[in-house]
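Each chain, letter by letter, is given below.
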Amino acid sequence: MTQTLSQDWKKELTDQKATYAFEEGGAKMKNILGGKGANLSEMTSLGFPVPPGFVVTTEVCNVYSALGKMPDGLGDEVLQRTEELAKKMDKKFGSSDSPLLLSVRSGARISMPGMMDTVLNLGLNDEAVKGLAKESGDERFAYDAYRRFIQMFSDVVMGLPKHEFEHLIADKKKEVGVVFDKDLTAEHLKALVDDFKDKFRKEAGREFPTDAKEQLLLAVEAVFKSWNNPRAMVYREKERIPHDLGTAVNVQAMVFGNMGDGSGTGVAFTRDYNTGEKKPVGDFLINAQGEDVVAGIRTPQPLQEMENVFPELWKELQDISTKLENHYTDMQDMEFTVEKGKLFMLQTRTGKRTAQSAVKIAVDMVEEGLIDEKTAVMRIAPEQLDKLLHPYIPEDVKKKADSEGKLLAKGTNASPGAATGIVVFEANDAVHKAHEGHQVILVRPETTPDDAHGMAVAKGILTSTGGPSSHAALVARGWGIPCIVGCEALKIDLAKKKVTVGDVTFGEGDKITIDGGTGEVLLGELELHEPTDLSPETKTILGWADQYRKLGVYANADTPTDAQRARNFGAEGIGLCRTEHMFMEKDRLPIVQEMIMIASAAESGHRELTKLEDSLKGVNKESRQHRDTSEQIAKLKAKVEKPWNKYNDLLGKLLPIQRGDFSGILEAMKGQWVIIRLLDPPLHEFLPAFGDLLVDVTRLKTLQGVDSGAYDKALSEIKARRGDDATLEQLEELLEKVESMKESNPMLGQRFCRLGIVFPEIYKMQVRAIMEAASELQKKGIDAKPEIMIPGIGSVEEMKLCRAQAEAVIAEVEKEQGLKVEHKIGTMIELPRATTVAGELSQVADFFSFGTNDLTQTTYGYSRDDAAGTFMPVYLEKEVLKRDPFQVVDRKGVGRLMKMAVTEGRESNEGLEVGICGEHGGEPESVDFCHSLGLNYVSCSPFRVPIARLAAAHAAINQA
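We now turn to the structure provided with this report. Everything numeric in this text was worked out from a predicted model, so none of it was measured. (Residues numbered from 1 in each chain as written. Predicted model: local features only at pLDDT ≥ 70, side-chain atom pairs only at ≥ 80, totals over all residues. Heavy atoms only, no water.)

**A word on the overall build of the protein**
- When helices and strands are tallied, the protein shows 37 helices and 31 strands.
- Viewed in the frame of its principal axes, the protein has a C-alpha envelope of about 125 × 70 × 55 Å.
- Here the protein, with 960 residues, has 55% of them falling under the buried criterion.
- Considering only contacts in the protein between residues 6 or more positions apart, those separated by 24 or more positions represent 70%.
- On the protein, roughly 40600 Å² of surface is accessible, and the fraction owed to carbon and sulfur atoms is 48%.
- One finds the centroid of the 120 positive side-chain charges in the protein at a distance of 1 Å from the centroid of its 149 negative side-chain charges. (Helix = DSSP H or I, 4+ residues; strand = E, 2+ residues; numbered from the N terminus. Buried < 20%, exposed > 50% of the residue type's maximum accessible area, 1.4 Å probe, protein only. Contact = heavy atoms within 4.5 Å. Areas by Shrake-Rupley, 256 points an atom, 1.4 Å probe, with all protein chains shown as cover. Lys, Arg positive; Asp, Glu negative; His and termini not counted. Charge placed at Lys NZ, Arg CZ, Asp CG, Glu CD.)

Given below as structure tokens:
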């Protein structure tokens, strides 16, 4: 679509139709009718009690967005459809005689609950309201509907401040001495209607529109506009919904749930959205409109209460629910209204549910014969599994908190998981604090769609009103955010930013903890634990997924504990064991630091000594050259022998420690491959920060010889931080060393395989530790399978040199141990040059593993450590980049390099094993790309292993 659309805009539409009556549509037309319109059409065709209506298609919304105005002729067609609707209902639109009132609702192809706009009771004016009063026999009901319409129209269509109208309601209640809206009489509401119209006139600069046709066309346009409102944009970004789908507009005859105690409204789910249990759940309100439930402004009763109030209608609703679930073969979320004892269905859609519920429902529906295993696998979005691994509050921690009086209140458990953070009351404040690095809990009386941006960054959501079908609950469940609603014990003062619960008060910035699984609110920051295993239903789903996937799934793990956790989650090997993390442990860091201090002198002196010794080969021992060189060797030996011996002594101390590290991981993964990356980061990362050292040295030098007491106290404090060996002399030496090792660009400096080439003894020690650990385990009957990964290779010469060094050590260990251990030697592909010479590299490498974090960094020239906090947010906002390439593999650039490496690598080495070990390995879109490349495996953090397993199955099924 372009902004040059002609008068023939309908030619761009499917079947050249802009509108469809419900009788003309069906569930398969979701792309053009939107989810709501398609399902209303489907329910109509199934014979369920649906108020008649019609749909303006999503394609027309896109035409509107392209033109920036209503397309020519659309208004006439909408009004013609409305006249046909009036005839079906035997009513008149805009008339005082049996007036037809309409609801005008959005309806996108993919459900976006509450993010776009709705107008109810449309068609009311000063004459029509009298007709409604006469027809209903309830003047109060008619004027309540009128004031609701003016308020909603003013907000949605004209963009007037909603709270101004709320203030008028509060003022009226105060004036007449009542507390609740329901206690306002018809006369009070008539006066309120006049007040509303006066407010509209002042704010909008015009009279409130009384022409029903004008009202309708303005409302349709407002719904189109709402497709691109800020909250809808935020929601689509969060849910990765394309921005060009557009929304349909559903125009439907109104039915009223607020016509007295014989009427009501509700939301019903065919199964429990939290647990997946096969039982109806939802909300129900007597004498209310649907918006009262969904908006969360009234706390509803449980759905089952309807059975007591309307027993026959309850049976009818259950019959419809069962039929709809069987028809759609999925859990349904239905909106209904009871008008004077008659049930009407206003919506059905696939119900949003927690990850736990989604998994159970999928498994149960397979057992019930509703769906097959493949469908069940595809029903679960890989991202949902991340939400199954929510933090929780251990029972002992919760009991202790309760005994200390920290359990403040209990509300409705709307979305599971525990969260702790500082309290914020406004969505904008949530975004601000989250960007500062705080974990936030958004606390509100209720949330509205305008709070979406704050909800998106919150760790938890807590409201004092609303039920499980309220906006807060629906969005939180969809986004996997722990949430409690309807916690009425909370007295929230938004003006003062304070909450009172009994005799306890807390406010903005205070820490609270919520348990969305139990509904408990606790004061303070409680300890949270991560789950260590999967539910039986999740294991069943993943077992089915494993039957379809082609990709192996490995884990990144640096400790036996992480390895065991990964194995529990279904990892088939370790794709990345980072040895540098082991060097940071307290029991070996001092050894590492001391080793680094003399590494350069020892290695460079040894290299020079070796070079001189090699130069004597073939030289006549009686010659002057031999005599002079021998003298040089003797002098150099005397100079380098001490640092060389000390260097090797320190490496000797690290050897058994590293051997123990590798032994634990290899044993935990017995029978499965473990890829161990040799030391990768610059050595200065293991030394203290230059700035911190400079402060300590300056402090001691300033006090030295001036104030011995202060000097001793300062040194004592430094020793407490740096160890008992710390002295001014030692710190000065360390400072000098750190300064000498500073690099202008350390990420491209002396790191990767360059460490192993410049400091070969370090790599030799690590290879020895790996192979000795594997040999010892093999002797115990444990099948240890190590793969040695050389990081950051950029040329075949580097690979040959590093491999030769490793193979020499391996041969020594095999001879010493008296057995051979199956192993592989490969490299991490993280430099663009490596991808261009992959055909050469694969001839001397058993495997490639894409380090996509560094490969992305070196391809784009972006610093992975700085991008997120500097330009990346701006790039994403301005759509310079559609996605952060450090989160999702960039298929066009980085992906093209990967494809070239795979293709050329396997042309030279048919059996080349290729995987990925950056965090992209657990991101579903990236996993899909890895499948398309024909990789052998993906590797990710242990907690993302289930996600990768499911994503790999989705990729295999989708690409079959």
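**Comments concerning the environment of K174**
- Here K174 lies in helix α6 (residues 162-176).
- What makes K174 exposed here is its relative accessible area of 72%.
- Residues K174 and A811, spaced 637 residues apart in sequence, show a C-alpha to C-alpha distance of 91 Å.

**A look at the sheet that holds strand β14 (residues 412-415)**
- An order of β13-β23-β22-β15-β16-β17-β18-β14 is seen for the 8 strands of this open sheet, with the pairing classed as mixed. Looking along the sheet, the strands with just one partner apiece sit at the ends: β13 (407-410) and β14. Direction aside, neighbouring strands of the sheet carry axes that sit 30° apart on average.
- Pairing geometry for β13 and strand β23 (residues 520-523), over 3 bridges, is antiparallel. Note on β23: the bridge partner recorded for K410 is E520. (Pairing = 2+ DSSP bridges. Axes fitted to C-alpha atoms, helices over the stretch in contact; angles between N-to-C directions.)

**Focus on a negative patch on the surface**
- The grouping of E729, E733, E736 and E739 at the surface amounts to a negative patch.
- Positionally, E733 belongs in helix α27 (residues 728-741). (Patch = residues over 30% accessible without salt bridge, like charges linked within 9 Å, V, L, I, M, F, W, Y side chains within 5 Å. Salt bridge = Lys/Arg side-chain N within 4 Å of Asp/Glu carboxyl O.)

**Notes on the packing of helix α36 (residues 924-933) against helix α37 (residues 945-958)**
- The geometry of α36 relative to α37 is characterised by a closest axis approach of 8 Å and an angle of 50° between their N-to-C directions. By the angle between their directions, the pair α36 and α37 is classed as oblique. For α36 against α37, the interelement crossing comes out right-handed. Across from P924, V927, D928 and H931 in α36, the residues of α37 making contact are I947, A948, A951, A952, A955 and A956.
- Of the residues in the contact of α36 with α37, the class split is 8 nonpolar, 1 polar and 1 charged. (Parallel < 35°, antiparallel > 145°, perpendicular 65-115°, else oblique. Left-handed = near helix turned anticlockwise from the far one by under 90°. Nonpolar A, V, L, I, M, F, W, Y, C, P; charged D, E, K, R; others polar.)

**Regarding the sheet that holds strand β25 (residues 574-578)**
- Read around the barrel, 8 strands follow the order β24-β25-β26-β27-β28-β29-β30-β31 and close on themselves; strand pairing throughout is parallel. Across the sheet, the axes of successive neighbouring strands diverge by a mean angle of 25°, strand direction being ignored.
- As paired strands, β25 and strand β26 (residues 673-677) are joined by 3 bridges and run parallel to one another. Bridged to C577 within β26 is I676.

**Quick look at the side chain of E603**
- Tracing the chain through its elements places E603 in helix α23 (residues 589-615).
- It turns out E603 is buried and unbridged, and the closest side chain with the opposite charge, R607, is 4.6 Å from it.
- Excluding its chain neighbours within four sequence positions, the residues that come into contact with E603 are W644, Y647, V758, F759, P760, E761 and I762.

**Digging into empty space enclosed by the protein**
- For the coordinates displayed, the defined rule picks out 4 cavities of 30 Å³ or more.
- Of the pockets and cavities examined, the largest cavity occupies roughly 110 Å³.
- Lining the largest cavity are 14 residues; nearest its centre among them are R105, M254, V255, T337 and L346.
- For the lining of the largest cavity, the secondary structure elements donating two or more residues are β5 (102-108) and β7 (247-253).
- When grouped by side-chain class, the residues that make up the lining of the largest cavity number 6 nonpolar, 7 polar and 1 charged. (1 Å grid on protein atoms, 1.4 Å probe; cavity = no way out; pocket = protein on both sides within 12 Å on 5 of 7 lines; lining within 4 Å. Points joined across faces, edges and corners; volume = space filled by probe spheres on them.)

**Details of the layout of surface pockets**
- Looking at the second largest pocket, its volume works out to about 680 Å³.
- Taken together, 18 residues form the lining of the second largest pocket, with P590, Q593, R722, Q730 and L734 sitting closest to its centre.
- Sorting the residues of the lining of the second largest pocket by element identifies α23, α26 (708-722) and α27 as the ones contributing at least two each.
- With 5 residues, α23 is the largest single contributor of residues to the lining of the second largest pocket.
- Class assignment of the residues belonging to the lining of the second largest pocket gives a composition of 8 nonpolar, 3 polar and 7 charged.

**Describing the pattern of salt bridges**
- Enumeration according to the criterion identifies 74 salt bridges in this entry.
- Between K190 and E187 there is a salt bridge, and its shortest N-O distance comes to 3.3 Å. Of this pair, K190 and E187 both sit in helix α7 (residues 186-204), 3 residues apart, which is roughly one turn of the helix.
- On the basis of relative accessibility, which here comes to 23%, the residue K190 falls in the partly exposed class.
- Among the salt bridges present, the one from R353 reaches D330, with a minimum N-O distance of 2.9 Å.

**Some thoughts on the packing of aromatic side chains**
- Counted under the stated rule, the structure contains 17 aromatic pairs.
- Look at F200 and F208: their rings are 5.0 Å apart centre to centre, the planes differ by 75°, and that puts the pair in the edge-to-face class. The same class applies to F200 and to F208, which are both buried.
- Taken together through their ring pairs, the aromatic side chains of F149, F153, F200 and F208 make up a single cluster.
- Residue placement shows K742 over the ring face of F690; its charged tip is 4.5 Å from the ring centre.
- For the cation-ring pair, K824 lies above W673, with the distance from its terminal atom to the ring centre recorded as 4.4 Å. (Phe/Tyr/Trp six-rings, centres within 6.5 Å; stacked < 30°, edge-to-face > 60°. Lys NZ or Arg CZ within 6 Å of the ring centre and 35° of its normal.)

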